[in-house]
There are 2 protein chains.
Amino acid sequence: MFSIGKLAAASHCKIPTIRYYEDIGLLPTPRRSAGNQRIYGDRDLLRLRFIRHGRELGFDLKAIGQLLQFSALDHTASNHQHSHQAEAIAKVQLAATYSRIARLQSLAEELELMLVNCDESNDHQCQVLEVLANHQLCQHH
Amino acid sequence: MFSIGKLAAASHCKIPTIRYYEDIGLLPTPRRSAGNQRIYGDRDLLRLRFIRHGRELGFDLKAIGQLLQFSALDHTASNHQHSHQAEAIAKVQLAATYSRIARLQSLAEELELMLVNCDESNDHQCQVLEVLANHQLCQHH
DNA sequence: CCTTGAAGCTCTAGTTACTAGAGGTTTTAT
DNA sequence: ATAAAACCTCTAGTAACTAGAGCTTCAAGG
Ligand SMILES: [Zn+2]
Ligand SMILES: [Zn+2]
Ligand SMILES: [Zn+2]
Ligand SMILES: [Zn+2]
């Protein structure tokens, strides 16, 4: 039985974010005090921590919504079916993560090259600006 | 002298995106035909390609706006000062890229671990769901 | 009991970089 | 002359929050 402020502190999640999760249906509508303030229980804290942990691991809210359904936190007991679906979502996330890494690595190489060439140009014809103006000068994409 | 459609085709940029860049001031307001349709020239194409190339390299629009100012495309001639500023922006971008890579790599490791542990669990206590519910089970963050 | 400051409430709007669609006009080609 | 393609403006939607205005409620001290 705690207020939204306590819930926020216990979950490392900001108050407006908690209300936002409620708005979009990720958190259930909590009961209210006589004066209309939200009251939460332990179950809500577990659910919110699950959501935040999912976010830290890079899942989007839609995926987290599905994962919650597969978990015991969404009142239907979890079973083997659900576990397999959860794994499928995690695999998609992993693949997306690898492809982002690959893309960022090629960008980093390109940027490094620009900067190195800047240093080596003796009349300093700035390679950052030159390359941006002309994609032909790129090596990696 | 070409229409917005031709400009889009020549720059691999969608039409609404071109109008959006105009709205936010990244592209100058073009002159118009008698019937109010936009007319562009070669200069606009160079500028738009610069912008798009910057986006492909991961710069945000604010950084690209600055880079444009430093470049010869923004009618003030480029000079050494400008080159140094351009390099500074590229260095910031490079650092941000490396830190994103590092973060994604730790996430990928965590996801891999979850999936491996799922496979190894003989009663299949789904580790994806377990880990999400309990950050203590994480190794990497 | 009363007061005051902290915490909570709702609602709106802003962030980033676009994208989609409605409903109307102009161009281009036959 | 007509019809299709391209263009116009304006609004709103995307993801996941965050900030602020203006008002109400709660908790603690005197
Ligand atoms: Zn340079
Ligand atoms: Zn390139
Ligand atoms: Zn599993
Ligand atoms: Zn964790």
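A quick note: this is a predicted structure, and the numbers were derived from the prediction, not measured.

Q: Hey, could you go over the domain arrangement of chain A for me, with residue numbers and the actual values?
A: Residues and elements named next belong to chain A. By the assigned domains, chain A splits into domain 1 (1–78) and domain 2 (86–141). Contacts between the two partners involve 7 residues from domain 1 and, on the opposite side, 4 residues from domain 2. In total, domain 1 and domain 2 occlude about 430 Å² of area from one another, counting both sides; carbon and sulfur atoms represent 73% of this. When the buried surface of domain 1 facing domain 2 is broken down by residue, F59, L67 and F70 rank first, second and third, together holding 66% of it. Between the two partners, domain 1 and domain 2, sit 0 salt bridges. At the boundary of domain 1 with domain 2, the tally comes to 1 residue pair in polar contact (both at pLDDT 80 or more).

Q: Give me the packing of aromatic side chains: which residues, what numbers.
A: All names here are of chain A. Counted according to the given criterion, the structure contains 2 aromatic pairs over all chains. Ring centres of Y20 and Y21 lie 5.9 Å apart, and the angle between their planes is 45 degrees; on these two criteria the pair is classed as tilted. Residue Y20 is classed as partly exposed on the basis of its relative accessible area, which comes to 43%. Classification of Y21 as buried rests on a relative accessible area of 2%.

Q: Before we move on, can you summarise the relation of the copies chain A and chain B with the specific residues and values?
A: Placing chain A over chain B gives an RMSD of 0.0 Å and needs a rotation angle of 180 degrees, together with 0.0 Å of translation along the axis. Interpreted geometrically, this transformation is the action of a two-fold axis. When C-alpha distances to the rotation axis are compared across chain A, the minimum falls at A:I101, with a value of 2.8 Å.

Q: Talk me through the nonpolar core; I want residue IDs and the actual numbers.
A: Membership of the largest hydrophobic core comes to 79 residues, with the highest contact counts inside it found for A:F59, A:L67, A:V128, B:F59, B:L67 and B:V128. Contacts of A:V128, omitting those with residues within four sequence positions, involve A:M114, A:L115, A:C118, B:L67, B:A86, B:E87 and B:A90.

Q: Pulling in residues and values, what's your account of the coordination of the zinc ion (ligand 1)?
A: Within the first shell, the zinc ion (ligand 1) binds the protein through A:C118 (SG), A:H124 (NE2), A:C126 (SG) and B:E87 (OE), at distances of 2.0 to 2.6 Å. Geometry at the zinc ion (ligand 1) is irregular, judged from its 4 donor atoms and the angles of 69 to 129 degrees they form at the metal. A residue pair is termed interchain when its members come from two chains, as with A:C118 in helix α5 (residues 80–120) and B:E87 in helix α5 (residues 80–120). Assessed through its relative accessible area of 1%, A:C118 is described here as buried.

Q: Please give an account of the pattern of salt bridges that cites residues and values.
A: Residues and elements named next belong to chain A. Applying the stated rule across the entire model yields 2 salt bridges over all chains. Here E22 and R38 are joined by a salt bridge, their closest N and O atoms 2.8 Å apart. Pair noted here: E22 is in helix α2 (residues 15–23) and R38 is in strand β2 (residues 38–39), with a separation of 16 residues, a long-range link. Residue classification places E22 among the buried positions, given a relative accessible area of 13%. We classify R38 as buried; its relative accessible area is 17%.

What counts and how
Residues numbered from 1 in each chain as written. Chains lettered and ligands numbered in written order. Predicted model: local features only at pLDDT ≥ 70, side-chain atom pairs only at ≥ 80, totals over all residues. Heavy atoms only, no water. Domains from an automatic or database assignment. Contact = heavy atoms within 4.5 Å. Buried area = accessible area lost by both parts, 1.4 Å probe. Salt bridge = Lys/Arg side-chain N within 4 Å of Asp/Glu carboxyl O. Polar contact = N/O pair within 3.5 Å; in protein donor to acceptor, adjacent residues only side chain to side chain. Phe/Tyr/Trp six-rings, centres within 6.5 Å; stacked < 30°, edge-to-face > 60°. Buried < 20%, exposed > 50% of the residue type's maximum accessible area, 1.4 Å probe, protein only. Least-squares fit on C-alpha atoms with pLDDT ≥ 70 in both. Core = buried A, V, L, I, M, F, W, Y, C linked by side-chain atoms within 4.5 Å. Donors = N, O, S within 2.8 Å, 3.2 Å for Na, K, Ca; no water. Tetrahedral: all angles 85-135°; square planar, octahedral: opposite > 155°, others 65-115°. Helix = DSSP H or I, 4+ residues; strand = E, 2+ residues; numbered from the N terminus.

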